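Observations on the three-dimensional arrangement
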Amino acid sequence: MKVVRSLTTVLFLLLLTGCSSAQVKVENQKKIVDSKNNTNKIENKKDSVVSNDGTPIEIKEKMFIAQLDDIFNNSDDYIGRTIKIEGLYNSLEADGKTLNYVYRHSPGCCGNDGIVCIEFVGNDKMKMPNPDDWIEVTGKIEEYKDKEVKSVRIRLETLNVKTQRGKKFVSQ
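Residues numbered from 1 in each chain as written. Predicted model: local features only at pLDDT ≥ 70, side-chain atom pairs only at ≥ 80, totals over all residues. Heavy atoms only, no water.

Before going further, it helps to spend a moment on unusual backbone geometry. A positive phi is found at Asp-95, a non-glycine position, where the angle reads about 50°. In this structure, Asp-95 sits in the loop between β4 (82–94) and β5 (97–108). Overall, Asp-95 belongs to the exposed group, its relative accessible area being 58%. With a phi close to 60°, Lys-147 is a non-glycine residue in the positive phi region. One can find Lys-147 in the loop between β7 (134–146) and β8 (149–161). (Helix = DSSP H or I, 4+ residues; strand = E, 2+ residues; numbered from the N terminus. Buried < 20%, exposed > 50% of the residue type's maximum accessible area, 1.4 Å probe, protein only.)

The structure is reproduced here in structure tokens:
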């Protein structure tokens, strides 16, 4: 009985660790040496953020919240980059200015009552869509300061109203 149990344990550990000696090639990562702490660390860079060939970074439905969160939290990686995002349109008045934004519904404090959005700016002569129209926005991420707060928004290059809609509610 002990032999069977030991053999089962060894086989289980082999399944967890694998027995391949092949080397795996790691791409799109940069090795960083921290001389102060005498440590090495790997920094994983996304192709879409690193490359600046003019191809827009597309904010997809599946990771809508996570991608926008990354743009706001790591804005230095995105400033000057072109992004393309789809969602619902709305605007609001604040301090005598109209703020335009593209958004989707998301989980909130009381169930599914939240929204995830990013502001976009164009020129004052542009005709904006109707509230809750489905739009596709393409533009460059820029940093701006409103009163004391720094944030990012999209400097509009194109705005298209689409007839085919994506998911209004996103959870990731």
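As for its placement among the helices and strands, Glu-58 is situated in strand β3 (residues 57–59). For Glu-58, a relative accessible area of 37% gives the class partly exposed. Separated by 80 residues in the primary sequence, Glu-58 and Thr-138 place their C-alpha atoms 9.1 Å from one another. If we skip the residues at most four places from it in the chain, Glu-58 touches Gln-67 and Lys-84. A polar side-chain atom of Glu-58 sits 3.4 Å from a polar atom in the side chain of Lys-60. (Contact = heavy atoms within 4.5 Å. Polar contact = N/O pair within 3.5 Å; in protein donor to acceptor, adjacent residues only side chain to side chain.)

Let us look at the state of the cysteines. This structure, assessed with the given rule, holds zero disulfides. With no disulfide partner, Cys-109 has as its closest neighbouring cysteine sulfur the one in Cys-110, 3.1 Å distant. The exposed category is assigned to Cys-109, whose relative accessible area is 71%. (Disulfide = S-S within 2.5 Å.)

Next up on the list: the pairing of β7. Every regular strand shows the same layout, with side chains that alternate between the two sheet faces. Bridging between β4 and β7 involves seven bridges; their strand directions are antiparallel. Pairing of Ile-85 across the sheet is with Val-137, part of β7. Pairing geometry for β7 and β8, over twelve bridges, is antiparallel. Across the sheet, residue Glu-142 finds its bridge partner in β8, namely Arg-153. (Pairing = 2+ DSSP bridges.)

According to the stated counting rule, one finds nine salt bridges in the structure shown. Salt-bridge contacts for Glu-136 lead to Lys-162; the nearest nitrogen and oxygen are separated by 3.8 Å. With Glu-136 in strand β7 and Lys-162 in the segment after β8, the pair connects residues that are 26 residues apart, well separated along the chain. By relative accessible area, which is 13% here, Glu-136 ends up buried. Accessibility expressed as a relative area gives 29% for Lys-162, which makes it partly exposed. Of the charged contacts in the structure, one is a salt bridge between Glu-157 and Lys-140, with a shortest N-O distance of 3.9 Å. Taken together, the residues span a long stretch of sequence, with Glu-157 in strand β8 and Lys-140 in strand β7 at a distance of 17 residues. By relative accessible area, which is 46% here, Glu-157 ends up partly exposed. (Salt bridge = Lys/Arg side-chain N within 4 Å of Asp/Glu carboxyl O.)

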